[in-house]
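Okay, here's what each chain looks like letter by letter:
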Amino acid sequence: YTAVAPYMRGYGDTERPPVEPGNYETLLLGSDVLSMTAALGATDPLVVGHDWGAIAVTAASVADADALGTAVTMAVPPNFMAQLDDYASQALRSWYMTEFQIPGHGEEILRRDDFALVERLWRLWSPDMTDSTRQDHVERVKHTFRTGDTVEAALMYYRDFFDMFMSRPRTQRDIGGIDVPTLLVAGNHDGCISADMFEGTTDCYDAYADLEVLNNAGHFHHAEKPDAVADRVLDFVAESTYTPHRSRSA
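The structure presented is a predicted model; accordingly, all values stated were derived computationally and were not measured. Every residue gets a number counted from 1 within its own chain, in the order that chain's sequence is written. pLDDT decides what is reported in this predicted model: residues at 70 or higher carry local features, side-chain atom pairs at 80 or more are listed and counted, and totals for whole chains, interfaces and linings draw on all residues regardless. With hydrogens and water stripped out, all remaining heavy atoms of the structure feed into the side-chain values.

1. Thoughts on the sheet that holds strand β1 (residues 46–50)
An order of β1-β2-β3-β4 is seen for the four strands of this open sheet, with the pairing classed as parallel. Among the strands making up the open sheet, the edge pair consists of β1 and β4 (209–214). On average, each strand axis in the sheet is tilted by 15° relative to the strand beside it, whichever way the strands run. When DSSP finds at least two bridges between two strands, those strands are taken to pair. What counts as a helix is a DSSP run of H or I of at least four residues, what counts as a strand is a run of E of at least two, and both are numbered from the N terminus. Relative to β4, strand β3 (residues 182–187) runs parallel, the two being bridged by six bridges. For Val-185, the partnering residue across the bridge sits in β4 and is Glu-212. With respect to the sheet, helix α2 (residues 52–63) is in contact with β1 and β2 (70–74), its orientation differing from that of β1 by roughly 140°. Axes, fitted as lines to C-alpha atoms, cover a helix only where it is in contact. Angles between the N-to-C directions of the axes lie from 0 to 180 degrees. In what follows, a contact means two residues having at least one pair of non-hydrogen atoms within 4.5 Å.

What follows is the structure, given as C-alpha cells:
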C-alpha cells in the first residue's frame, strides 16, 4: 500500500472553509474522503478512519459505495446518534459535546490552561496508554490546535453534527444498507464511547462486515496497539476478498 494520512477539514496548516454553520457537516466530511481518493487516482482503496475520521468514512460509504474498496472505522459506531436513546450512560461520556455547542464557551474551555482538557480526555479515554505514548501524541495535538483557526473549525464539527441529527426522530437517524466491506474496531476500555455501543452494528451493512473489540485498549487503540490493529486490518482485507459482498453476490 501507498499510505496517505491527511489532515481532516479545517485542521492544521491546510486551507479551510469559513468557520460557519454548514461547512463542517458530516456529509461534507464524507465528500472529502471521496474527493481525496479521486484526486489520488486510487483504485479499490482501503480507507481507514478513527473517531471523526470514522464518521467521515461511514458518510463516504453511504454516499458512494462503489468509490471505496474496503473500509475500516475505529472508535465510533456507524449508528452512534441513533443508539444514544438505548445507552443513557453515553450521554454522560459525551458531556463535552454539549459544552462545545455554546459559541465562545466551547473555544474557551478547549484553550484553557494550554489545552488541559485535551490531556484530561486522553487520560480518561485511553486509561491503559503509557504516559510517554500519551504525552507524545497530546503534544502533537496541541500543536495542531494552536495553528490558525483549528479550534474554531474543530468545534464546528460538533455543532453541525448536532444540527444535523439531534432534531430528527430516531427513525431518521438510523443508518443501514452500507455496501462497503467494513471492519469496525473498538477498545474494551474506551472511556469516550463504550464498546457496548458496537453491539449489533454489523447489521448496518449489506456488505461483509466484522467487529473487532480489542482487549486492554481504549479510545486511541490505533496508537496503543498499532501492530495489533494493522495486522487485524490486513487480515480483514484478505477475508473480505473471499467473502461474498456487493460485487460478488449472485
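2. Let's talk about the nonpolar core
One finds Phe-80, Phe-145 and Phe-161 to be the most contacted residues of the largest nonpolar core, which totals 58 residues. Of all the elements in the fold, those that place two or more residues in this core are α1 (26–39), α2, α3 (80–83), α5 (95–99), α6 (105–125), α7 (131–145), α8 (150–165) and β3. Per element, the largest residue contribution to this core is eleven residues, and it comes from α8. By size, the runner-up hydrophobic cluster in this structure holds ten residues, among which are Met-74, Leu-183, Tyr-208 and Phe-236. Take the buried Ala, Val, Leu, Ile, Met, Phe, Trp, Tyr and Cys residues and link them wherever side-chain atoms come within 4.5 Å; each set so joined is a nonpolar core. Each residue gets one of three labels from its accessible area relative to the maximum for its type: buried under 20%, exposed over 50%, partly exposed in between, using a 1.4 Å probe on protein chains only.

3. Topic: the pairing of β3
Buried residues dominate β3, accounting for six of its six residues. Note: β2 against β3, four bridges, orientation parallel. Bridge pairing in β3 places Val-72 opposite Leu-183.

4. Describing the side chain of Ser-194
Mapped onto the elements of the fold, Ser-194 is located in the loop between β3 and β4. Overall, the relative accessible area of 13% leaves Ser-194 in the buried class. Polar contact criterion, stated in full: a pair of N or O atoms within 3.5 Å, where within protein one must be able to donate a hydrogen and the other to accept it, and residues adjacent in sequence count only if both atoms are side-chain atoms. In terms of polar contacts, Ser-194 uses its side chain to reach the backbone amide nitrogen of Asp-196, at 3.1 Å. If we skip the residues at most four places from it in the chain, Ser-194 touches Gln-90 and Arg-93.

5. Some details on the layout of surface pockets
If you add up the space inside the second largest pocket, you get close to 300 Å³. The definitions used throughout rest on a 1 Å grid laid over the protein atoms alone, on which a cavity is an enclosed set of points accommodating a 1.4 Å probe that cannot get out and a pocket is an open set flanked by protein within 12 Å on both sides along at least five of seven lines; lining residues are those having an atom within 4 Å of a point. In this structure, the second largest pocket is lined by 22 residues; those nearest its centre are Thr-26, Thr-58, Pro-78, Phe-165 and Ile-175. By the convention adopted, Pro, Cys, Tyr, Trp, Phe, Met, Ile, Leu, Val and Ala count as nonpolar, Lys, Arg, Asp and Glu as charged, and the other residues, Gly among them, as polar. When grouped by side-chain class, the residues that make up the lining of the second largest pocket number 15 nonpolar, four polar and three charged. Grid points are joined across faces, edges and corners, and a volume is the space filled by probe spheres set on the points.

6. A few points about the pairing of β2
The side chains of a regular strand alternate between the sheet's two faces. Among the five residues that make up β2, five are buried, leaving the element largely enclosed by the rest of the structure. Neither face of β2 is exposed, since Thr-70, Val-72 and Met-74 on one face and Ala-71 and Thr-73 on the opposite face are all buried. Two elements, β1 and β2, share five bridges in a ladder whose sense is parallel. From the neighbouring strand, Gly-49 faces β2, where its bridge partner is Thr-73.

7. Description of empty space enclosed by the protein
In total, this model carries one cavity of 30 Å³ or more according to the counting rule given. The volume enclosed by the largest cavity comes to roughly 30 Å³. Taken together, Val-57, Thr-58, Ser-61, Thr-73, Ile-178, Thr-182 and Tyr-205 make up the lining of the largest cavity. Within the lining of the largest cavity, the residues separate by chemical class into three nonpolar, four polar and no charged.

8. Side note on the environment of Phe-161
Along the chain, Phe-161 falls in helix α8. Residues Phe-161 and Met-97 lie 64 residues apart in sequence; the distance between their C-alpha atoms is 9.7 Å. Leaving out residues up to four positions away in the same chain, Phe-161 has contacts with Thr-26, Trp-52, Ile-55, Phe-80, Met-81, Met-97 and Met-166.

9. Focus: the state of the cysteines
The term disulfide is used for any two cysteine sulfur atoms that are within 2.5 Å. Taken as a whole and judged by the stated rule, the model has zero disulfides. For the unlinked cysteine Cys-192, the closest cysteine sulfur is that of Cys-204, found at 18 Å. When its relative accessible area of 6% is taken as the criterion, Cys-204 is described as buried.

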